[in-house]
Amino acid sequence: MNAPICSLTPSILAESTAARVSLAAPCARFSLRARGDLGPLEGALGLTLPGRIGTRADAGMLQAMCLGPDEWVLHAPESAASGVLSACEAVYATHPHSLVEISGREVTFVIEGPRAAELLTLGCPRDIETIAVGEGRRTLFDGATVLLLRDEETLFRMDCWNSFAPHLRHLLETGCRELAAEAL
Amino acid sequence: MLLIRCPYCEETLPEAEFTYAGEAHIIRPERPSDQTDEQWEEYLFIRTNVKGAHYERWRHMHGCGRFFNAVRDTVSDRFLTTYKAGAPRPDLSTLTESQK
């Protein structure tokens with residue numbers, strides 16, 4: 001299911017004094033769409049789905065982020081994928097929803113370092129500071145739609161589609177070098 | 001660059017995250033087969049093309065993905081307000097007052 005469509009392998013892709021960009025190990029991802037009473041679904045997943053767009057909730061290894069009024073993305077370790085699918089399937093009859101596995105569609109860049117936020121401004125038109133620590137947003141990065149998750153002040157995760165990954169990697173690589181050169 | 005407030009995200013964001021989606025409040029006739037050619041043409045093609053406050057649809061494409069409506073002044077490009085899809089047209093007089 002998680003065939004490596006992307007030519008990149010999990011490793012450090014770029015590193016400088018400004019920031020470090022690496023590719024995260026594959027994980028399970030799901031797109032969840034649901035309306036109405038979310039109670040049964042939350043019971044099945046074992047977590048409260050965050051209500052405001054951009055906010056996140058964790059339960060053990062499962063992470064949920066709200067992307068739209070009726071849309072969430074779920075991240076989990078690969079080993080937990082079948083558990084999430086079967087748990088939601090059990091409540092499907094009483095609470096219709098859409099849960100689609102998108103694990104193979106995206107890869108995750110981890111961007112960290114003292115100037116990580118500044119590196120992101122190279123491709124993102126949004127003010128990075130509006131994304132609070134522990135939140136995330138779906139936004140734009142140099143023309144590609146990405147999910148940007150801020151885990152710490154200077155630690156971001158960026159999920160993008162496989163086909164955009166080489167392009168974004170080059171931009172991040174160049175940005176890393178550029179910011180480091182500026183500091184000299 | 002325009003800054004647009006998404007009524008679903010409740011944030012004011014750069015235009016690059018949005019796409020334009022034509023005039024708002026265009027209602028598709030219930031029974032298209034009952035329409036005359038002129039009425040159908042009116043529905044499909046004829047738009048107001050106003051100079052001034054224009055009701056239009058936008059989509060927060062690279063964000064929540066939602067369509068919503070906005071009132072924009074086509075002369076100054078200034079957004080008077082944005083509101084959720086399905087909400088009634090805001091009263092133009094209240095908008096232009098608050099703009100002053």
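For the structure itself, look to the data block above.
Report follows, based on the coordinates. (Residues numbered from 1 in each chain as written. Chains lettered and ligands numbered in written order. Predicted model: local features only at pLDDT ≥ 70, side-chain atom pairs only at ≥ 80, totals over all residues. Heavy atoms only, no water.)

A short note on the overall build of chain B
Counting its regular elements, chain B contains two helices and six strands. The order of helices and strands in chain B, counted from the N terminus, is β-β-β-α-β-β-β-α. Along the first, second and third principal axes, the C-alpha atoms of chain B reach 45 × 30 × 20 Å. Within the span of chain B, comprising 100 residues, buried residues form 37% of the whole. Across chain B, contacts joining residues at least 24 apart in sequence account for 44% of those joining residues at least 6 apart. Put simply, chain B shows about 6,300 Å² of open surface, and 49% of that area lies on carbon and sulfur atoms. (Helix = DSSP H or I, 4+ residues; strand = E, 2+ residues; numbered from the N terminus. Buried < 20%, exposed > 50% of the residue type's maximum accessible area, 1.4 Å probe, protein only. Contact = heavy atoms within 4.5 Å. Areas by Shrake-Rupley, 256 points an atom, 1.4 Å probe, with all protein chains shown as cover.)

Section: unusual backbone geometry
Residue and element names in this part refer to chain B. In this model, E10 sits at a positive phi of 55 degrees, which is unusual for a non-glycine residue. Structurally, E10 is set in the loop between strand 1 (3-6) and strand 2 (11-14). One non-glycine residue, D77, lies in the positive phi region at around 65 degrees. Within the element layout of this structure, D77 appears in the loop between strand 5 (67-73) and strand 6 (79-84).

Describing helix 2 (residues 81-90) of chain A
Residue and element names in this part refer to chain A. Residues A81, V84 and C88 constitute the buried set of helix 2. Considered in projection along helix 2, the buried side chains sweep an arc of 65 degrees and stay on one side of the axis. Along helix 2, exposed side chains directed more than 90 degrees from the buried face belong to S82, E89 and A90. Elements in contact with the buried residues of helix 2: strand 3 (28-33), helix 1 (39-45), strand 5 (62-68), strand 6 (71-76) and strand 7 (98-101). (Arc of directions from axis to C-beta.)

Describing the interface of chain A and chain B
Counting residues at the interface gives 16 residues for chain A, matched by twelve residues for chain B. Together chain A and chain B conceal approximately 1,100 Å² of surface at their shared face, both sides included; 52% is due to carbon and sulfur atoms. Residue E11 of chain B pairs with R126 of chain A through a salt bridge whose shortest N-O separation is 3.4 Å. For the pair chain A and chain B, the number of links is seven residue pairs in polar contact (both at pLDDT 80 or more). Counting only elements with at least two residues in the side of chain A that touches chain B, the list comes to strand 5 and strand 9 (136-141) of chain A. With four residues, the single largest contributor to the side of chain A that touches chain B is strand 9 of chain A. By residue class, the composition of the side of chain A that touches chain B is five nonpolar, four polar and seven charged. (Buried area = accessible area lost by both parts, 1.4 Å probe. Salt bridge = Lys/Arg side-chain N within 4 Å of Asp/Glu carboxyl O. Polar contact = N/O pair within 3.5 Å; in protein donor to acceptor, adjacent residues only side chain to side chain. Nonpolar A, V, L, I, M, F, W, Y, C, P; charged D, E, K, R; others polar.)

Structural notes on the side chain of D159 of chain A
Residues and elements named next belong to chain A. Mapped onto the secondary structure, D159 falls in strand 11 (residues 155-161). Assessed through its relative accessible area of 2%, D159 is described here as buried. A polar atom in the side chain of D159 sits 3.1 Å from the side chain of R29.

Structural notes on the sheet that holds strand 5 of chain B
All names here are of chain B. Overall, antiparallel pairing links the four strands, which are arranged 3-4-5-6 in an open sheet. Only two strands of the sheet have a single partner each, and these edge strands are strand 3 (19-23) and strand 6. If you compare each strand with its neighbour and ignore which way they point, the axes differ by 30 degrees on average. Looking at chain direction, strand 5 and strand 6 are connected through five bridges and run antiparallel. Paired with A70 across the bridge in strand 6 is T82. (Pairing = 2+ DSSP bridges. Axes fitted to C-alpha atoms, helices over the stretch in contact; angles between N-to-C directions.)

Concerning empty space enclosed by the protein
A water-sized probe, rolled over the atoms, reveals where empty space remains. Within the structure shown, the criterion is met by one cavity of 30 Å³ or more. Roughly 40 Å³ of internal volume is contained in the largest cavity. Lining the largest cavity we find I53, L67, R126, R137 and R138 of chain A together with C9, E11, H60, G63 and C64 of chain B. A class-by-class count of the residues in the lining of the largest cavity yields four nonpolar, two polar and four charged. (1 Å grid on protein atoms, 1.4 Å probe; cavity = no way out; pocket = protein on both sides within 12 Å on 5 of 7 lines; lining within 4 Å. Points joined across faces, edges and corners; volume = space filled by probe spheres on them.)

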